[in-house]
Amino acid sequence: MKRFSFKLLAVTLLVAVAAYSCIDDKFDTPPIVELPEGSVLTIQKLKELCPPGNTYKINGDSSLYAVVTMDEMSGNIYRNIFVQDNSGAANLRFGSTSGLYEGDSIRLYLKGAVLSWYNNLFQIDSLHADYNVVKQATERFVEPEVATISQINLDKDYFQSRLVKIEDVQIRASDTASIWAPYQQYGEIYIEDTLGNNMMIRTSGYAKFAGENVPNGYGSIIAIVGLYRETVQLGIRRTSEVKLDSERWIDGNAGDSQGTGTFEDPYNVAAAITNNSGADKWVAGYIVGVYETMDENGNNLSEFKPSFEAPFHTDANILISDNPNETSLSNCLPVQLLTGTIRNVVNLKNNENNLGKEIKLRGNLESYFSISGLKGTNGYWLDGDGINPDDDTPGELEEMSIAEVRTLFQGSNVTIPAGKKVIGTVISDKDAQNIHGNNIQIVDSEGTGIALRFTAAHAFVLNDKIEVNISNTSLESYNGLLQVNNVAISNATKIGTGTVEPITLTINEIKLNFEQYESRLVKIVDATITNTGGTYGGNSGNSTISDASGQMVLYTRSQASFASTSIPASPKTVVGIMSEYSTSTNPNNYQILIRNLNDIQ
């Protein structure tokens, strides 16, 4: 039998105690970052420091006291939160997750923060949770402000980024079979009230509830009011705040849905309202009025309103319905009339005799004036005549060089003659998303480039060689950038592949001859890129690129796949497309747009 040695045990315990007694139990304490308060500013005061369209960096010590109204926990937003104080509300953007939660009362140390307006939404950017935020308290929840769809639309500046509760609404009928958002994509669902007003709920495909079915009842929702240009985009925090569990009211529409959306069998207005999605669809109805955005003196109205009686003051849209005597907006489809032949022939401001006439129109079924609408109109049929893009055959068209197309523009919008086409190689990259999905830039065999804007998102990729029917489209300047607008998707065909080599230039050479290089691929050697936000998407996407000859803007959309990528510290060779975004307050704002990170060499 083995004997247990008590002497061995005693020695072992003694060694263990001695070893433990040598451990230093005083852990290092991480340094505490002291953030001075400085002057106390409100959200309203910050907006006054940075008027719309401007960017403003705060360099001094100052603070904002606010409460978090929407955090990142649901996955519906990422690296940004919404806050409110007694003067207003704002969107805060961080370089990484903020670690803040709904109801947190915070002091935001503003030194180094960048104020900007992203498509009309006020933002406080370039923030870091450790160096800009002092948490004051928790569970200080903000009560939502009760508002109607009309009230929000009429005062977007006041309501933007605020937490609201909208009562007496339901999901529109055409969206009730949907989920909130497809996986890793954005979903757009519309609510409607009994007056026929609609408003979008925009949801990220990364939201925890994205794959859930939307509710089919009537009631109220709580949401944050987002804004993209002039379109309100509601963002919900959790589905428990979408209380649509009462019986729906009778959906208002002009009658039974009919048609298949072709020229021979167009949708009626009821079908277009109920099934408001799809590109290049034909809709037939009677012209009954205008959604007025202008007054009799040509000034913008503060409140847009439908008008069913002459005189009319707006030429950019019409209202159509299945009933020639209709006067209820809920039974009407607003139709966008883009600059060109269709607007000239159809609009009621200059053609009052069109009131009550039957018409067929071709365009994209989507929200317009926050209700079901038809946008990007590219075809019409009125009084037995019109434009039918479905009848045009590219092989029968006369080719124009892009240089010839560009010379048609003499300072004002012009309609390109019928029977014309262009052929070019795609130099933009839709997949990297540094260009809008409807837009494309091509260069022809002579080396001249131009931008095209389709009426819907296209599928053409970098180096596709395409043939485009540009008959009766509008040649326009969009903030200084010349583009062929209102091109139907069906008017473009891939005919092969090609490559376009960039032209090596200095920044000064580009500026001196910008029109020559617009929408062309250029290369700038030994260029340095700087951005106060540290990433391509920082500072609202406005980086500075400079070489020995000068500097200009390198612009990156927030949607770009590389927007969060850090900019290089050392000089690089940069390839990109020459573009322009000029305004009356910022003329000659020439920009270079890289297509993807392969353009940084």
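Throughout, residues of each chain are indexed from 1 in the direction in which the sequence is written. Local features are withheld for residues below a pLDDT of 70 in this predicted model, meaning they are given only at 70 or higher, and side-chain atom pairs are given and counted only at 80 or more; totals for whole chains, interfaces and linings count all residues. Excluding hydrogens and water, the side-chain figures rest on all heavy atoms present in the structure.

Engineer: Lay out the overall build of the protein with the relevant residues and their values.
Structural biologist: The numbering of helices and of strands both runs from the N terminus, where a helix is a DSSP run of H or I of at least 4 residues and a strand a run of E of at least 2. Helix and strand counts for the protein come out as 10 helices and 38 strands. Its C-alpha atoms give the protein principal-axis dimensions of roughly 110 × 65 × 65 Å. The buried label goes to any residue with under 20% of its type's maximum accessible area, the exposed label to any with over 50%, and the partly exposed label to all in between, with areas taken from a 1.4 Å probe on protein chains only. Within the protein, the proportion of its 601 residues that are buried is 51%. Only the protein chains shown count as covering a residue, and every accessible area follows the Shrake-Rupley method with a 1.4 Å probe. Accessible area for the protein stands at about 28,000 Å²; split by element, carbon and sulfur atoms hold 48% of it. Taking the average location of the 45 positive side-chain charges in the protein and that of its 70 negative ones, the two points are 10 Å from each other. Counted charges follow a simple rule, with Lys and Arg positive, Asp and Glu negative, and His plus the chain ends left uncounted. A charge is said to be at NZ when it belongs to Lys, at CZ for Arg, at CG for Asp and at CD for Glu.

Engineer: Which residues make up the pattern of salt bridges, and what values do they have?
Structural biologist: By salt bridge we mean one thing: a side-chain nitrogen of Lys or Arg within 4 Å of a carboxyl oxygen of Asp or Glu. Using the criterion set out here, one finds 19 salt bridges in the structure. Across the pair E102 and R238 runs a salt bridge, and its minimum N-O distance is 2.4 Å. Of this pair, E102 sits in the loop between β5 (89–94) and β6 (105–109) while R238 sits in the loop between β15 (231–235) and β16 (242–246), and the two are 136 residues apart along the sequence. Here the salt bridges share partners, and the residues they tie into one network are E102, R237, R238 and E241.

Engineer: Could you give an account of the environment of V405, with specific residues and numbers?
Structural biologist: Within the secondary structure, V405 is located in helix α8 (residues 402–407). Along the chain, V405 and L554 lie 149 residues apart, while their C-alpha atoms are 27 Å from each other. The contact criterion used is simple: two residues touch if any of their non-hydrogen atoms lie within 4.5 Å. Not counting the four nearest positions on each side in its chain, V405 is found in contact with M400, I416, V422, I450, I470, L475 and V484.

Engineer: Just give me the short version of the nonpolar core, but keep the residues and values in it.
Structural biologist: Only buried residues count toward a nonpolar core. Its members are Ala, Val, Leu, Ile, Met, Phe, Trp, Tyr and Cys residues joined through side-chain atoms within 4.5 Å. Counting 28 residues, the largest nonpolar core has I152, I166, W180, I191, M199, I221 and L234 as the members making the most contacts within it. Only α4 (149–154), β11 (163–171), β12 (187–193), β13 (198–203), β14 (218–228), β15 and β16 provide two or more residues apiece to this core. Here M199 is in contact with I149, I152, N153, I166, I189, Y190, I191, V232, L234 and S370, once residues within four sequence places are set aside.

Engineer: Which residues make up the pairing of β5, and what values do they have?
Structural biologist: Of all six residues that make up β5, five are buried, and the element is covered over most of its length. Strands are labelled as partners when DSSP assigns at least two bridges between them. As paired strands, strand β4 (residues 80–84) and β5 are joined by five bridges and run antiparallel to one another. Its bridge partner lying in β5, V83 is registered against A90. The turn joining β4 and β5, which pair antiparallel and follow one another in sequence, is formed by four residues. Across three bridges, the pairing between β5 and strand β8 (residues 121–127) is parallel. Counterpart to F94 in the pairing with β8 is L127.

Engineer: Would you mind going over the side chain of N388 in detail, with residue names and values included?
Structural biologist: Residue placement: N388 occurs in the loop between β23 (385–387) and β24 (398–399). Judged by relative accessible area, N388 falls into the buried class, the value being 8%. Each residue touching N388, except ones within four places of it in the same chain, is listed here: F263 and W282.

Engineer: Describe the packing of aromatic side chains, and please don't skip the residues or the numbers.
Structural biologist: Two aromatic rings, taken as a pair, are described by how far apart their centres are and by the angle between their planes. Two aromatic rings from Phe, Tyr or Trp, using only the six-membered ring of Trp, form a pair when their centres are within 6.5 Å; if the ring planes differ by under 30 degrees the pair is stacked, by over 60 it is edge-to-face, and anything between is tilted. Inspection of every chain in the model, using the stated rule, returns 13 aromatic pairs. Ring plane angle 80 degrees and centroid distance 4.9 Å describe the contact between F263 and W282, whose orientation is recorded as edge-to-face. Residue F263 is located in the loop between β16 and α6 (269–274), and its partner W282 is located in strand β17 (residues 281–294); the two are separated by 19 residues in the primary sequence. What makes F263 buried here is its relative accessible area of 15%. Aromatic side chains Y536 and F562 sit 5.8 Å apart centroid to centroid with 85 degrees between the ring planes, which places their arrangement in the edge-to-face category. Placement of Y536 in the loop between β34 (521–530) and β35 (542–547) and of F562 in the loop between β36 (550–555) and β37 (572–580) is noted, with a sequence separation of 26 residues between them. On the basis of relative accessible area, F562 is assigned to the buried category, the value being 2%. Three or more aromatic residues joined by ring pairs form one cluster here, namely Y291, F304, Y368 and F369. Note that R162 overlies the ring of Y158, its terminal NZ or CZ placed 3.8 Å from the centroid. In this structure, K360 packs its charged tip against the face of F263, placed 3.5 Å from the ring centre. A ring has a charge above it when a Lys NZ or an Arg CZ is no more than 6 Å from the ring centre and no more than 35 degrees off the ring normal.

Engineer: Any details on the confidence of the model for the protein? Residues and values, ideally.
Structural biologist: pLDDT measures how confident the predictor is about each residue, on a scale from 0 to 100. Here the protein averages 88 in pLDDT, and 92% of its residues register 70 or above. Within the model, pLDDT remains below 50 along residues 1–30, and this stretch shows one contact once partners closer than five positions in the same chain are excluded.

Engineer: Now, about unusual backbone geometry: what can you tell me, with residues and values included?
Structural biologist: Residue P311 is reached from A310 by a cis peptide bond, and omega for that bond is 0 degrees. Note that P311 resides in the loop between β18 (300–307) and β19 (317–321). Of note, the phi angle at D280 is positive, near 55 degrees, even though the residue is not glycine. Residue position: D280 is located in the loop between α6 and β17.

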